[in-house]
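# Summary of structural features
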Amino acid sequence: MRNSFNTAGFSEVVHEIRHDPAEAAYVYTARAKWSPRRGLSAWIAPALLGTVKSARSFRFEVDDSAGDDPCGGASPMDFALTGIGSCALTTLVGGGSARGVEFDGVEMLIDYDHPAEPVRCRIDMDGSADDQVLAELVEQMRNFSPNCTTLTHPVAVELVRASGPAGQPTDAPDTPEAPAVPDAPEAVAAGPAASCRVRWVSSTQLEAKAVGSDGPALRVDAPKQLTGVDWGPNPQEYLLMGLAADVAAHLGRLSAGLTGERHVWEVSAQAREDVRGLLQSDADAVVPLQDVICTVFPPAKLASEHGVGEVVMNAFAASAVRDLISRPHIADISLVTGGR
Amino acid sequence: MDNYNRAAIGFEEGRNSDAHWFNDLTRSRFAGPVSAQHRFLSRDVSPETLAVHAGTYQDPITGSVGTPIFQTSTFLLDESSYAAFSDGAIRDVPIYTRYGNPTQWSVQEKIAALEGTRSSVVTSSGMSAIASTIYALTNAGSHIISAYDVYGGTYNLLHEDMPSAGREVSFVDPTDLDAIRAAVRPETQLLFFETLTNPLLKAPPIREIARIADEANALLVVDNTFLTPVNMRPLDLGAHIVVHSATKYLGGHSDLTAGAVVGRRKFLDRIWTQVLRFGGTLEPLACFLLERGLKTLPLRIRAQNDNAREIARFLAGHERVAAVHHPDLGGDRYAGLAREDYRGYGGMVSFEVRGGDKAALDFMSRLTIPHVATSLGGVESLVSMPSNTSHSSLTSRQRSLIGIHPGLVRFSAGIENAADLIRDLGSALDATGLDATDEEQQR
């Protein structure tokens, strides 16, 4: 297997979904909780890969983006950058493996400073191919990586407010009026800048580490249903964990400001990927994530509290990760070859 | 070697060095592996013909009629071998017998054809097949639904190994659809049931269970050991994977230990890699024995269906028998049985001898034709008691709860003459009736 990447397996997926496009619809779900006692945490729910379910067990403590409860772990924006960088590198290595390129090492330093600034991605790459082929691969990565294109394209993120807390019987979800999602980057809570170094390890396995962090590296991998070995969540799941955790953290902070008390907030983030876009098995297929839904489960105590709807919409609007997904950003991608 | 393509059909078409992206990759395996030397028959052919001919390796050098035993651990490396390593397609080229061997491919193709599907894997035992399947198709964090009275080896795997492997298991009554539906969770990934249970011959409604699995986006794995594809093809009813202890009816001669997994290649390749890691490969001589046994499967099953039915009817009328479990007899347990899904009920009969376990032991000692031995599905009749073999680890109360009452005997009908078997059973029961006093004492 070139680069430990199972090209035969990916080839079979390409042909399977040509026969049966329903197998190309992947649905990922992540959840996050902001708790006054336990801080911010995020985990993934079962994914549906076409008609096959992938249930996996990954849970993380997350640094509160509002800065209230630092746990030494990665922040929601670190999760989001990990999701974008690892998707880009997996796409790059996979595409390179398909055309026979052998890689010695691939890394990306991905920087987020401010909503108004481009997201900088510096790729360092060593491999058997010449610079022209490597540059072609980067271009294919830019066009076909689902998370990369989610960063650079406008992707609608729907906000849904559930009528009750997570895990309790609830009425039909109550969708508020269209939230006041800002068009201007200045209206988004900037939050702290983030910088992650994402390193390809083998096959679909990668590691990411927030620059300057002493915390453990985040492991990235595909589910074993997609030639991974379940070493960690996959790139889409990291991006969605970042979204859910960021919104949950803002909810905790804003609702405390409203009521003077701290409550448990849970958020679910779900998105669909049409893998025909990544694989280009159908040139017309959409590449970025679709049907991105952010569901907020308000605390039971706040069900009748006046102003909670506004808190939900403000938290959603303030989320920099939400902004990263919904508003098109400039990706400033640079490539360094052979000099690592 | 250069004159013959020993790789699987489709392997060469799947090699493409000109790919520029994923969409240029040309590998599209949906069946096999079988080589051009393996006889490939349409799945529309009758089971009797498939059993004899499907998968046979037609040796181009010697013209041998039967599949040769490729009793080798390794094969010469060539360009195809290296390409297989490079692409991650080592299942499709004979490289090393643990990965694959033409004798394995023969028997795998025969079993896949009989179950009406495209691919199969043979393994070193039925438990190897079951363990590899469950591990391959579930992830840590997933949930499995099965029956509390599945085969003891399966129960032990699910109960004793799955929790530490990060899988949770719920056990239900396999005939209670409401209980199965209620057990479904968002993370439910696999349902595992048997087409007939051991030893009480409960008949779970496979078609309805498959619907529940589909609604849950879960996979349904069915152990078809007791019925075999001659009596039921669960994949036609909506199951995703079928497993067998091939030690039983598929082999049919009590002379080998083997397992089989059958289904779409998409799933089978993952199960195959798990078999490799567990070291559960079936060696070539056992493959040969299994393939030879399979040639007579439909004939044997027909005889065993008939024998078991006749024996069940006889036992139901005998005064020394308190209860008989067999679908052909009907009764409350089989009131909702979808009889159109069955072409027979196999060779198993279980029944309760009046007088309890002591009387049952006495009865078995008086039989002259069946062997008193565990296992089932061979050409010879076998008889045993669950209480002191397969279910001996349970307490009396636990056995009673699942319906294993004192005196329960499990009879695996062979292909002997039914009249001989019935005469032998009758004589033993009659003699047991004269000697046994347990029942009176129990009263």
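Described below are features of the structure shown in this document. Quick caveat: nothing in here was measured; it's all calculated off a predicted structure. (Residues numbered from 1 in each chain as written. Chains lettered and ligands numbered in written order. Predicted model: local features only at pLDDT ≥ 70, side-chain atom pairs only at ≥ 80, totals over all residues. Heavy atoms only, no water.)

What chain B contains, in helices and strands, is 15 helices and 12 strands. Relative to the 2.2 N^0.38 estimate, which gives 22 Å for 443 residues, the radius of gyration of chain B is 23 Å and therefore close to what a compact globule would have. For chain B, the C-alpha atoms occupy an extent of roughly 85 × 55 × 35 Å along the three principal directions. Residues counted as buried form 58% of the 443 residues belonging to chain B. Counting contacts in chain B only where the partners sit at least 6 residues apart, residues at least 24 apart contribute 73% of the total. For chain B, the exposed surface amounts to about 16900 Å²; the carbon and sulfur share of it is 51%. When the 41 positive and 51 negative side-chain charges of chain B are each reduced to one mean point, those points stand 1 Å apart. (Helix = DSSP H or I, 4+ residues; strand = E, 2+ residues; numbered from the N terminus. Rg over C-alpha atoms; globule rule 2.2 N^0.38 Å. Buried < 20%, exposed > 50% of the residue type's maximum accessible area, 1.4 Å probe, protein only. Contact = heavy atoms within 4.5 Å. Areas by Shrake-Rupley, 256 points an atom, 1.4 Å probe, with all protein chains shown as cover. Lys, Arg positive; Asp, Glu negative; His and termini not counted. Charge placed at Lys NZ, Arg CZ, Asp CG, Glu CD.)

This paragraph deals with the overall build of chain A. Looking only at helices and strands, chain A features 8 helices and 13 strands. When burial is assessed residue by residue, chain A has 61% of its 340 residues classed as buried. Expressed as a percentage of contacts within chain A between residues at least 6 apart in sequence, the contacts between residues at least 24 apart total 69%.

On to the sheet that holds strand β4 (residues 188-194) of chain B. Residue and element names in this part refer to chain B. Strand order across the open sheet formed by 7 strands is β1-β7-β6-β5-β4-β2-β3, with mixed pairing between neighbours. The outermost strands of the open sheet, each flanked by one partner alone, are β1 (119-123) and β3 (168-172). Taking each pair of neighbouring strands and ignoring which way they run, the sheet shows an average axis angle of 20 degrees. Note: strand β5 (residues 219-223) against strand β6 (residues 241-245), 3 bridges, orientation parallel. Directly across from Asp223, in β6, lies its bridge partner Val243. (Pairing = 2+ DSSP bridges. Axes fitted to C-alpha atoms, helices over the stretch in contact; angles between N-to-C directions.)

Once that is clear, we can look at helix α2 (residues 79-87) of chain B. Of the positions making up α2 of chain B, those classed as buried are Ser80, Ser81, Ala83, Ala84 and Asp87 of chain B. Viewed along the axis of α2 of chain B, the buried residues span an arc of 165 degrees, placing them on a single side of the element. Turned more than 90 degrees away from the buried face of α2 of chain B sit Glu79 and Tyr82 of chain B, all of them exposed. Of the surrounding secondary structure, the elements contacted by the buried residues of α2 of chain B are α1 (7-19) of chain A. If you check the start of α2 of chain B, you find a side-chain oxygen 3.0 Å away from the backbone N of Ser80 of chain B, and it comes from Asp78 of chain B. Following α2 of chain B by one or two positions, Gly88 of chain B has its phi on the positive side, about 80 degrees. (Arc of directions from axis to C-beta. Polar contact = N/O pair within 3.5 Å; in protein donor to acceptor, adjacent residues only side chain to side chain.)

Once that is clear, we can look at the packing of aromatic side chains. Counted under the stated rule, the structure contains 15 aromatic pairs over all chains. Their ring planes at 35 degrees and their centres at 5.0 Å tell us that Phe5 of chain A and Phe10 of chain A sit as a pair that is tilted. Of the two residues examined, Phe5 of chain A and Phe10 of chain A, each falls in the buried class. Among the aromatic residues, those joined into a ring-pair cluster are Phe5, Phe10 and Phe144 of chain A together with Trp21 and Phe22 of chain B. Its end group placed over the ring of Trp43 of chain A, Arg59 of chain A keeps NZ or CZ at 4.1 Å from the ring centre. It is Arg322 of chain A that lies over the ring of Phe316 of chain A; its NZ or CZ is 5.6 Å from the centre. (Phe/Tyr/Trp six-rings, centres within 6.5 Å; stacked < 30°, edge-to-face > 60°. Lys NZ or Arg CZ within 6 Å of the ring centre and 35° of its normal.)

Two modes of strand pairing occur in sheets, parallel and antiparallel, and in both the strands are linked by backbone hydrogen bonds. All names here are of chain B. Pairing is mixed in the open sheet, where 5 strands are placed in the order β8-β9-β12-β11-β10. With one partner strand each, in any of the chains shown, β8 (321-325) and β10 (371-372) form the two edges of the open sheet. When β10 meets strand β11 (residues 382-384), the two strands line up parallel, connected through 2 bridges. Residue pairing for β11: His371 is matched across the bridge by Leu382. Those strands touched by helix α11 (residues 297-316) are β8, β9 (348-353) and β12 (408-412), and its axis lies near 15 degrees from that of β9.

Time to look at the interface of chain B and chain A. On the chain A side, the residues contacting the 37 residues of chain B number 40 residues. The largest per-residue losses of area from chain B upon contact with chain A belong to Trp21, Phe22 and Leu25 of chain B, which jointly make up 26% of the total buried on that side. Taken together, the connections running from chain B to chain A amount to 6 salt bridges. Between Arg264 of chain B and Glu16 of chain A there is a salt bridge; the shortest N-O distance is 3.1 Å. On inspection of chain B and its partner chain A, the count reaches 24 residue pairs in polar contact (both at pLDDT 80 or more). Among the secondary structure elements, those contributing two or more residues to the side of chain B that touches chain A are α2, α4 (126-137), β4 and α9 (265-278) of chain B. The dominant element in the side of chain B that touches chain A, judged by the number of residues it contributes, is α9 of chain B, at 4 residues. (Buried area = accessible area lost by both parts, 1.4 Å probe. Salt bridge = Lys/Arg side-chain N within 4 Å of Asp/Glu carboxyl O.)

This part covers unusual backbone geometry. Cis peptide bonds are those with omega within 30 degrees of zero, and the linkage from Gly32 of chain B to Pro33 of chain B qualifies with 10 degrees. Look at the link from Asn198 of chain B to Pro199 of chain B: it is a cis peptide, with omega at 5 degrees. Along the polypeptide, Pro199 of chain B turns up in the loop between β4 and α7 (206-215). Of note in this structure, Gln280 of chain A is not a glycine but carries a positive phi near 60 degrees.

In this structure, Thr228 of chain B sits in helix α8 (residues 228-231). Of the residues examined, Thr228 of chain B reaches a relative accessible area of 0% and is grouped as buried.

This next bit is on the environment of Arg277 of chain B. All names here are of chain B. For Arg277, the position within the fold is in helix α9. Classification of Arg277 by relative accessible area gives exposed; the value is 60%. Note: C-alpha distance between Arg277 and Gly378 (101 residues apart in sequence) is 30 Å.

Here we take up the pattern of salt bridges. Residues and elements named next belong to chain B. In the structure shown here, the tally under the stated rule is 44 salt bridges over all chains. The shortest N-O distance in the salt bridge between Asp92 and Arg29 comes to 3.3 Å. Here Asp92, found in the loop between α2 and α3 (102-114), pairs with Arg29, found in the segment before α1 (47-53); they are 63 residues apart in sequence, far enough to count as distant. For Arg29, a relative accessible area of 11% gives the class buried. Here Arg185 ties to Glu168 by a salt bridge, and the two come within 3.2 Å at their closest N and O atoms. Linking Arg185 in the loop between α6 (177-183) and β4 with Glu168 in strand β3, this pair joins segments that are 17 residues apart in sequence.

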